[in-house]
Amino acid sequence: MVDEDISRRTIALSIRTGKLTARTLAWALRAAGRKIQKERQAHQTPHGRQTVRQLMKYGEATNSLPVEAPREFDRVARRWNVDYAFYKNGEGKYLLFFKSKQADAITACFGEYSRRVMARPRARQVPILERMKRAGELLRRQPQKERAKEAEREER
């Protein structure tokens, strides 16, 4: 009987209209459904990657770790289902914030992340602008052929 009370809920819907048609009723029910869905999402806590403000919003203790490659960590963290946030504190430097109660999952996740980072090749691909500058310098160093315009006269 208690389950029935929880599962059954009533909604009072009032519409001011000149003529109540099926289209008007369907529109009102869809609008009510959207409002209920919006209220439901507002009360749910977010999971996965969040902003630092969202992570600290629920009053739980947080810890932080320095991270170099946030995209790589994102790929690993999706598998471990942890709540985390990145904070950029310099050029290419990020702090990873996470909930303290998920420390065990973060430790395992961070172990896999560090194995991936260590396994990737150290020699990064040279940026295209730098390659273009090098090519320009090589062209300047090569001796230039002198081009002389010669007027050729043909005898007819």
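In this report, we go over the structure that sits alongside the text. In this text, all values refer to a predicted model and were calculated from it rather than measured experimentally.

Here we take up the overall build of the protein. Scanning the protein from terminus to terminus reveals 6 helices and 4 strands. Taken from N to C terminus, the helices and strands of the protein fall in the order α-α-β-α-β-α-β-β-α-α. Evaluated residue by residue, the protein yields a buried proportion of 19% over its 156 residues. A separation threshold of at least 6 residues defines the contact pool for the protein, and within that pool the share at least 24 residues apart is 63%. Accessible surface, the protein: about 14400 Å² in total, of which carbon and sulfur atoms supply 51%.

What follows is about the pattern of salt bridges. The tally for this structure, following the rule as stated, stands at 7 salt bridges. Taking the shortest distance from any N to any O, the salt bridge between Glu130 and Arg134 comes out at 2.9 Å. Pair noted here: Glu130 and Arg134 are both in helix α6 (residues 128–141), with a separation of 4 residues, about one helical turn. Given a relative accessible area of 36%, Glu130 falls into the partly exposed group. Bridged by salt links that share partners, the residues Glu72, Arg75 and Arg116 form one connected network.

Moving on: a nonpolar patch on the surface. A cluster of nonpolar residues, Ile11, Leu13, Ile15, Leu20, Leu25, Leu29 and Ile36, forms a patch on the protein surface that exposes about 650 Å² of accessible area. Tracing the backbone shows Leu25 in helix α2 (residues 22–43).

Here we come to helix α4 (residues 70–80). Within the span of α4, buried status applies to Pro70, Glu72, Phe73, Asp74, Val76 and Ala77. Of the residues flanking the end of α4, it is Asn81, one or two places downstream, whose phi is positive at about 55°.

Judged by nonpolar contacts, the single largest core of 14 residues is most densely connected at Phe73, Ala77, Tyr84, Phe86, Leu96 and Tyr113. Taken together, the elements giving at least two residues each to this core come down to α4, β3 (84–90), β4 (93–99) and α5 (103–119). Sort the elements by how many residues they give to this core and α5 lands first, with 4 residues. Apart from residues lying up to four places away in sequence, Tyr84 is in contact with Gly48, Arg49, Gln50, Leu55, Phe73, Asp74, Ala77, Leu96, Phe97 and Phe98.

This part is about the pairing of β4. Summarising the sheet, strand β2 (residues 62–67) and β4 pair through 6 bridges and their orientation is antiparallel. Across the sheet, the residue bridging to Ser64 is Phe97, located in β4. Pairing analysis gives 6 bridges linking β3 to β4, with the strands arranged antiparallel. Paired with Tyr87 across the bridge in β4 is Leu95. Here β3 hands over to β4 after 2 residues, with Gly92 in that stretch at a positive phi of 75°.

Tallied over the full model, the rule gives 7 aromatic pairs. Here Phe73 and Tyr84 contribute two aromatic rings whose centre-to-centre distance is 5.5 Å and whose plane-to-plane angle is 80°, an arrangement assigned as edge-to-face. Taken as a pair, Phe73 in helix α4 and Tyr84 in strand β3 lie far apart in primary sequence, 11 residues in all. Of the two residues, Phe73 and Tyr84, both sit in the buried class.

Taken in spatial order, the 4 strands make up an open sheet running β1-β3-β4-β2, and their pairing is mixed. In the strand order of this sheet, the two ends are held by β1 (49–50) and β2, each with one partner. Sheet topology places β1 next to β3; 2 bridges connect them, and they run parallel. Bridging from a neighbouring strand, Gln50 pairs with Ala85 of β3.

About the criteria used
Residues numbered from 1 in each chain as written. Predicted model: local features only at pLDDT ≥ 70, side-chain atom pairs only at ≥ 80, totals over all residues. Heavy atoms only, no water. Helix = DSSP H or I, 4+ residues; strand = E, 2+ residues; numbered from the N terminus. Buried < 20%, exposed > 50% of the residue type's maximum accessible area, 1.4 Å probe, protein only. Contact = heavy atoms within 4.5 Å. Areas by Shrake-Rupley, 256 points an atom, 1.4 Å probe, with all protein chains shown as cover. Salt bridge = Lys/Arg side-chain N within 4 Å of Asp/Glu carboxyl O. Patch = residues over 30% accessible without salt bridge, like charges linked within 9 Å, V, L, I, M, F, W, Y side chains within 5 Å. Core = buried A, V, L, I, M, F, W, Y, C linked by side-chain atoms within 4.5 Å. Pairing = 2+ DSSP bridges. Phe/Tyr/Trp six-rings, centres within 6.5 Å; stacked < 30°, edge-to-face > 60°.

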